[in-house]
Amino acid sequence: MIKNFADARPDDLLAHSRELLPGLTATERRLLEWILADPDRVPLLSITEVSRAVECSEATVVRLCQRLGLRGYGQLRLLLSRRSVDPVDLARGPIELDESDHEILVKTLGHAARLLETIAGRITAEMDANFSRAVDAVGATHRLLVLGIGASSAIAQDAAQQLRTIGLRVDSPIDPFTQLFEAGRLERGDVCLIISHTGTTTDILRCADAAGAAGATRVAVSSYRTTPLQGKVELLLVTGGLTPTFRPEAAMNRVAHLLVLDALVTAVALRHRDRSAAALEYLHSVTATNQI
C-alpha cells in the first residue's frame with residue numbers, strides 16, 4: 001500500500017507503475033498501458049466503464065490497483081484527479097501525430113524535466129543503499145566490465161570512458177559474443193556493470209549469469225524493477241519514469257541512465273580522490289597535446 005496517501009504525488013504513482021509493467025500479466029499490462037496513455041480520463045470513468053473500454057473484468061482493474069499499492073479503483077481515481085493539467089503547458093500530455101515541430105521540441109524537453117524531477121523525488125532507502133554499495137564495489141574493484149546492448153551500448157561506452165578518466169581499469173566490448181566471453185573471465189572482486197532499459201535482453205541476461213558464476217559483483221542500471229535482470233544482479237539501480245506514449249523508448253529514459261551513472265562516477269571519484277586526481281591530471285596532459 002502507498003504510505004501517506006494524502007501526500008502522494010500522481011506522477012510518482014505513474015512512474016512506479018511503469019517500473020512494474022514487465023512483471024504484469026498480459027491483461028494487466030494492457031490495462032495499465034491504457035491508463036498510462038491518458039491518466040486524466042480515469043477520474044471521469046467508473047470501474048465498469050474502464051473494464052468495458054479495455055475488455056477486461058472489474059476484478060482485473062481492482063487487482064491491478066492493488067499491485068500498484070492502492071486499496072482499489074476508487075483510490076486510483078482520487079489520486080489521478082489531483083493532476084493539475086494546464087492546457088497551455090505544452091510540457092504536459094503525450095506527443096500527438098499532428099504536433100507542430102515547436103510543440104514536439106517543447107513537450108520533449110518538458111517531459112524530460114518531469115522525468116528527472118520524478119526520479120529525484122522517488123529515491124528510496126533501497127536505492128540509496130544499493131547506490132552506496134555500488135560506489136564501494138566499483139571503487140574497490142581491480143577490473144570493471146561495463147556492458148550494454150542496442151541503445152544501451154552507447155551509454156555503456158560513455159560510462160566506461162568516464163570511469164577510465166578517474167583511474168579505473170575498464171573493459172567495455174561492443175560485440176555480444178565478446179561481452180559474454182569477458183563476463184565469464186571475471187573473478188571474485190571484479191564488478192560487472194550492466195545497463196539495460198528493459199532488463200529482458202537475452203544476451204545481457206546471459207552475461208549476468210556468466211559474471212555471477214565467475215564470482216563477480218553485478219550492478220545494473222535499468223528503467224524497470226520487476227524484470228528477469230532483477231534476480232540476476234546483486235545491486236539494482238532503477239531509473240523508471242514517465243515516457244511520451246508516441247515514443248515508448250524515448251531518449252529521456254537514456255538521459256536518466258546517463259545521469260545515474262554520472263553520479264556513480266562522481267561518488268567513486270570523491271571516495272578515491274588521490275587516484276582520481278592523478279588520472280585526471282594525466283588525462284589533461286594527454287588531451288593538451290591534441291589542442292590548437
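As the structure is a computational prediction, the values presented were derived from the model and not from experiment.

Right, let's talk about a nonpolar patch on the surface for a bit. Together, Leu116, Val255 and Leu259 line one region of the surface with nonpolar side chains, adding up to about 210 Å² of accessible area. Among the structural elements, Leu259 can be located in helix α11 (residues 251-271).

Before going further, it helps to spend a moment on empty space enclosed by the protein. Tallying each qualifying case throughout the model produces one cavity of 30 Å³ or more. Of the voids in this model, the largest cavity is the one considered here, and its volume is about 40 Å³. Surrounding the largest cavity, Leu13, Leu14, Ser17, Leu32, Ile35, Leu36, Leu68 and Leu76 form its lining. Contributing elements (two or more residues each) for the lining of the largest cavity: α1 (10-20) and α2 (26-37).

A word on the nonpolar core. If you look at the biggest cluster of nonpolar residues, it comprises 30 residues, and the most contacted ones within it are Leu144, Val146, Leu163, Leu193 and Leu264. Per element, the largest residue contribution to this core is seven residues, and it comes from α11. Filtering out sequence-adjacent residues up to four positions away, Val146 remains in contact with Ala156, Ala159, Ala160, Leu163, Val170, Asp171, Ser172, Leu193 and Ile195. Judged by nonpolar contacts, the second largest core, of 25 residues, contains Leu32, Trp34, Leu36 and Val61.

With that settled, consider the pattern of salt bridges. Evaluation of the coordinates by the stated rule reveals eleven salt bridges. Two residues, Arg271 and Asp136, come together in a salt bridge whose shortest N-O distance is 2.3 Å. Taken as a pair, Arg271 in helix α11 and Asp136 in helix α7 (residues 125-140) lie far apart in primary sequence, 135 residues in all. With relative accessibility at 46%, the residue Arg271 sits in the partly exposed group. The network of salt bridges with shared partners includes Arg143, Asp171, Glu182 and Arg185.

Read from one edge of the open sheet, five strands run β2-β1-β3-β4-β5, paired in parallel fashion. This sheet does not close on itself; its edge strands, each paired only once, are β2 (170-171) and β5 (235-238). Direction of pairing for strand β1 (residues 144-148) relative to strand β3 (residues 191-196): parallel, over a ladder of five bridges. Within β3, the residue paired with Val146 across the bridge is Leu193.

For the rest of this paragraph, the subject is the side chain of Asn130. Along the chain, Asn130 falls in helix α7. For Asn130, the residues in contact, after removing those within four places along its chain, are Leu235, Leu236 and Leu237.

Cut-offs applied
- Residues numbered from 1 in each chain as written.
- Predicted model: local features only at pLDDT ≥ 70, side-chain atom pairs only at ≥ 80, totals over all residues.
- Heavy atoms only, no water.
- Patch = residues over 30% accessible without salt bridge, like charges linked within 9 Å, V, L, I, M, F, W, Y side chains within 5 Å.
- Areas by Shrake-Rupley, 256 points an atom, 1.4 Å probe, with all protein chains shown as cover.
- Salt bridge = Lys/Arg side-chain N within 4 Å of Asp/Glu carboxyl O.
- Helix = DSSP H or I, 4+ residues; strand = E, 2+ residues; numbered from the N terminus.
- 1 Å grid on protein atoms, 1.4 Å probe; cavity = no way out; pocket = protein on both sides within 12 Å on 5 of 7 lines; lining within 4 Å.
- Points joined across faces, edges and corners; volume = space filled by probe spheres on them.
- Core = buried A, V, L, I, M, F, W, Y, C linked by side-chain atoms within 4.5 Å.
- Buried < 20%, exposed > 50% of the residue type's maximum accessible area, 1.4 Å probe, protein only.
- Contact = heavy atoms within 4.5 Å.
- Pairing = 2+ DSSP bridges.

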